[in-house]
There are 4 protein chains.
Amino acid sequence: MSNFPPKLLNGYQNFMSGRYSDERDRYRVLADTGQKPHTLLIACCDSRAAPETIFDCGPGELFVVRNVANMVPPYEPDSQFHATSAALEYAVQVLKIRDIVVMGHGRCGGIQAALDPAMEPLSPGDFIGRWMSLVRPAAEQIQSNDLMTQSERQTALERVSIRNSIANLQTFPFVKSGDDEEGVSIHGAWFDISTGELWVMNEKGDFVRPDLEEQPFQAESASA
Amino acid sequence: MSNFPPKLLNGYQNFMSGRYSDERDRYRVLADTGQKPHTLLIACCDSRAAPETIFDCGPGELFVVRNVANMVPPYEPDSQFHATSAALEYAVQVLKIRDIVVMGHGRCGGIQAALDPAMEPLSPGDFIGRWMSLVRPAAEQIQSNDLMTQSERQTALERVSIRNSIANLQTFPFVKSGDDEEGVSIHGAWFDISTGELWVMNEKGDFVRPDLEEQPFQAESASA
Amino acid sequence: MSNFPPKLLNGYQNFMSGRYSDERDRYRVLADTGQKPHTLLIACCDSRAAPETIFDCGPGELFVVRNVANMVPPYEPDSQFHATSAALEYAVQVLKIRDIVVMGHGRCGGIQAALDPAMEPLSPGDFIGRWMSLVRPAAEQIQSNDLMTQSERQTALERVSIRNSIANLQTFPFVKSGDDEEGVSIHGAWFDISTGELWVMNEKGDFVRPDLEEQPFQAESASA
Amino acid sequence: MSNFPPKLLNGYQNFMSGRYSDERDRYRVLADTGQKPHTLLIACCDSRAAPETIFDCGPGELFVVRNVANMVPPYEPDSQFHATSAALEYAVQVLKIRDIVVMGHGRCGGIQAALDPAMEPLSPGDFIGRWMSLVRPAAEQIQSNDLMTQSERQTALERVSIRNSIANLQTFPFVKSGDDEEGVSIHGAWFDISTGELWVMNEKGDFVRPDLEEQPFQAESASA
């Protein structure tokens, strides 16, 4: 047990004198009345794809699950610990969140691992190997395409995996689609780390650049 | 499958014109050379406790696992999908991260559920029930203490659970303590949503306010 | 034989009173001294992807081959008529063009036809069927991937086909790579009709958004 | 494989900030609903005779084949790759285009090559030699006429070749003349690079200056 990382303490001081200072009341209210996040966001652990940053969200907005490669396993009501399923259950059943976003991103290390058939287990437990086996059939099919570049195969699997997770989400009995009060809307998104571009999934499952409102890109509108 | 939430698209536009615009080069370099995050941060899904916000971290700094109540299960090398163990394995074995922080927070819904013996399963799968069973023995012992208020019991279990996760972390064979190159430093932290206070765990396991460097905390901005 | 289409005559009048009027001298010089185009551009017949429009090029700049799906067949020195090979020979051997661009585009009808195994011949000659057989092996491999959406398969084949044409270009003995006077540089590009985005091929064969110089997007800077 | 030509990237930026910016909606609609070009235009690769420029056409208007000397080979239903026949088939059978224009132009390098009996093959494959053999009988007859100047012989063959291509067009079974729904109208045109004059073929096969509507040729009526 060593000293707390100084970088984090410095960052925390910045938070206190900056953002917290500006949003003190918001934090107080959120503490007193509880959270009512508008969206469940299932994202990757990757340090370059933090959802609060990409969507410029403040405290209280996003309920966030982060695991390697932003995956949702299928519904498996057994006796195991299911981190992702537990978070999903809490978001939908307790917090009554009605928008769920699965957000993948480019250059995902988990997806890269899934596409490497020669990869050795990282430890005797082979946790990454087992976790990424959630997309193994898809990975094998895509890996066999030798006409696409490695980068194209990676992007393809990143997107197939998002659709796969969305299909898995729909196997949970309490995730009901529909426009009524119980109905949950599920969305897919893919973030390009290199260019900052966000791609969203349309009704056909394709990822397209969203229509953003025209707005003057002024330096002073920076929010972060 | 419905339209992508407008709130998120608006936030993304703010990101692009603001933070991304300022950090374009950093994103490009991070995309080209890969991530080298300094810290693995295990945090809660709670919308009020985003690690990048609290530690004022930019892209590339934190590899983040988020599950309900920021828990680490014990080492279980079986055939199941283990989201948290997989992320831990990737962080330590591939990214060579040497600082791990388990950050809990006040008013945690998962901990609250663990302290409610009358709580019904949220769905037939009872995912939250099973997930929170990771701290059941501790929860039962604390719940039986009728001298503490409910709020004190909640804070107590939040902190016990952090120590529990840290003990579980140490059951993973590849998580070796020590000051050599392989050695991993494990830290605990607890964030008070209401006041913005960060408490860090000391070598005895106690949570204390860290010594922050002196800096001109002007009367009107002082918070702690 | 009917009257010349009035739409074209009207357009021609616009050209004469507008662009030609502005560039009269340039046309005269080009007529007197001959063309010295800087680039051979192999593009699709598609009405939405005219190279002179997309690259804002004036008279004398681009030597343009346009066929269905912007394809280059492999080197076949036989007795047949080879429209594309003839244009390539003329561009490199007579005009001494040293930059060759193969530009594909989204939603290409030829590529769509290649991906439709049930497509009937369009006429007894089956010219499109035979022409698109240049990418048949690639089309079959990509078509068999049932995890990708139809749109993703289409984009994938559009890009594979560009790389295929570039490989075919390199089978022509007079197309020599290298930095000397004889050396030809071959480039790939893909145009997204829907968004206007241009993607260029990098040294790995991947298509990426080019780094464009920052410039103020002012209405009055319009050039066309 | 070298860097993408900067001239083209600069031109693309002009397109994006200018013409694309003005016609964004048109491109979107064309992407969504598909192209419905009114004319198939068979033109030369020559950099001085871009059809979209000469006819001031925007995206979606012209389906364009470009080969050396804007030629159409005769109908040959064999097993070879026929770039021009494939484009013709697609234009008439799929896009249902009913106006076809064969546009030649002055100072055509391909025609010049056809008129040079001493010309050596440009490469062992002799692709231009074989391609221009489509007009060899006509070229030999015109070349033998020593009363015409070289320039007159060139213009004469440029026009003969247009009529030759039109005759070849009519050998395709799916190119049916007539005023009914299936009927295709075929037109000839010849563009004078030096003066900007357009000549159109009349019902006798002669090339004449078209009657343009009287309109004030004012500087400010420029459209481009």
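In the block above lies the structure referred to throughout.
The rules behind each value
- The residue count restarts for each chain, going from 1 along the sequence in the order it is written.
- Whichever chain is written first is A, and whichever ligand is written first is 1; the rest continue in order.
- Residue-level local features of this predicted model are given only where pLDDT is at least 70; pairs of side-chain atoms are given and counted only at 80 or more, and the full residue set underlies all totals for whole chains, interfaces and linings.
- Just so you know, side-chain values use all the structure's heavy atoms and leave hydrogens and water out.
- Axis definition: a line fitted to C-alpha atoms, limited for helices to the stretch in contact. Angles are taken between N-to-C directions and run from 0 to 180 degrees.
- What counts as a helix is a DSSP run of H or I of at least four residues, what counts as a strand is a run of E of at least two, and both are numbered from the N terminus.
- Any pair of residues with heavy atoms lying within 4.5 Å of one another is described as a contacting pair.
- Polarity classes work like this: nonpolar for Ala, Val, Leu, Ile, Met, Phe, Trp, Tyr, Cys and Pro, charged for Asp, Glu, Lys and Arg, and polar for all others, with Gly in that last group.
- Take a side-chain nitrogen of Lys or Arg and a carboxyl oxygen of Asp or Glu: if they are within 4 Å of each other, that pair is a salt bridge.
- Each residue's exposure class comes from its accessible area (1.4 Å probe, protein chains only) as a fraction of the maximum for that residue type: buried when under 20%, exposed when over 50%, partly exposed otherwise.
- When two parts are put together, the accessible area they lose, computed with a 1.4 Å probe and summed over both, is reported as buried area.
- In protein, a polar contact means a hydrogen-donor-capable atom and an acceptor-capable atom, both N or O and within 3.5 Å, with residues adjacent in sequence counting only if both atoms are side-chain atoms; elsewhere, any N or O pair within 3.5 Å suffices.

Draft legend 1. Summary view of the packing of helix H1 (residues 6-17) of chain A against helix H2 (residues 19-33) of chain A. Residues and elements named next belong to chain A. The contact between H1 and H2 brings their axes to 4 Å, and the two run at 65 degrees. Residue-level inspection shows Asn14, Phe15, Met16 and Ser17 of H1 in contact with H2, the latter providing Arg19, Tyr20, Ser21 and Tyr27. When the residues that make up the contact of H1 with H2 are grouped by side-chain class, the tally is four nonpolar, three polar and one charged.

Draft legend 2. Spotlight on the pattern of salt bridges. Considering all chains together, one arrives at 33 salt bridges over all chains under this definition. With a shortest N-O distance of 2.8 Å, glutamate 197 of chain C and arginine 209 of chain A are connected by a salt bridge. Linking glutamate 197 of chain C in the loop between strand E4 (185-191) and strand E5 (198-201) with arginine 209 of chain A in the segment after strand E6 (207-208), this pair reaches from one chain into another. Here glutamate 197 of chain C falls in the buried class, since its relative accessible area comes to 7%.

Draft legend 3. Looking closely at the interface of chain A and chain B. On the chain B side, the residues contacting the 115 residues of chain A number 116 residues. Roughly 9700 Å² is buried in total at the junction of chain A and chain B, and carbon and sulfur atoms are behind 63% of that figure. With a closest N to O distance of 2.8 Å, arginine 66 of chain A and glutamate 52 of chain B form a salt bridge. Our enumeration of links across chain A and chain B arrives at 41 residue pairs in polar contact (both at pLDDT 80 or more). With eleven residues, H1 of chain A is the single largest residue contributor to the side of chain A that touches chain B. Along the lines of polarity and charge, the residues of the side of chain A that touches chain B split into 55 nonpolar, 39 polar and 21 charged.

Draft legend 4. Region of the structure containing the environment of glutamine 141 of chain C. Along the polypeptide, glutamine 141 of chain C turns up in helix H8 (residues 136-143). Taking the C-alpha atoms as reference, glutamine 141 of chain C lies 26 Å from serine 194 of chain C; in sequence the two are 53 residues apart. Excluding its chain neighbours within four sequence positions, the residues that come into contact with glutamine 141 of chain C are Ser144, Asn145, Asp146 and Leu147 of chain A.

Draft legend 5. Quick peek at the interface of chain D and chain C. The interface of chain D with chain C comprises 114 residues on the first partner and 114 residues on the second. Buried surface at the junction of chain D and chain C, summed over both partners, amounts to about 9800 Å²; 63% is from carbon and sulfur atoms. Our enumeration of links across chain D and chain C arrives at four salt bridges. At the boundary of chain D with chain C, the tally comes to 40 residue pairs in polar contact (both at pLDDT 80 or more). With 19 residues, helix H1 (residues 6-33) of chain D is the single largest residue contributor to the side of chain D that touches chain C. Here the side of chain D that touches chain C is built from residues that sort into 55 nonpolar, 39 polar and 20 charged.

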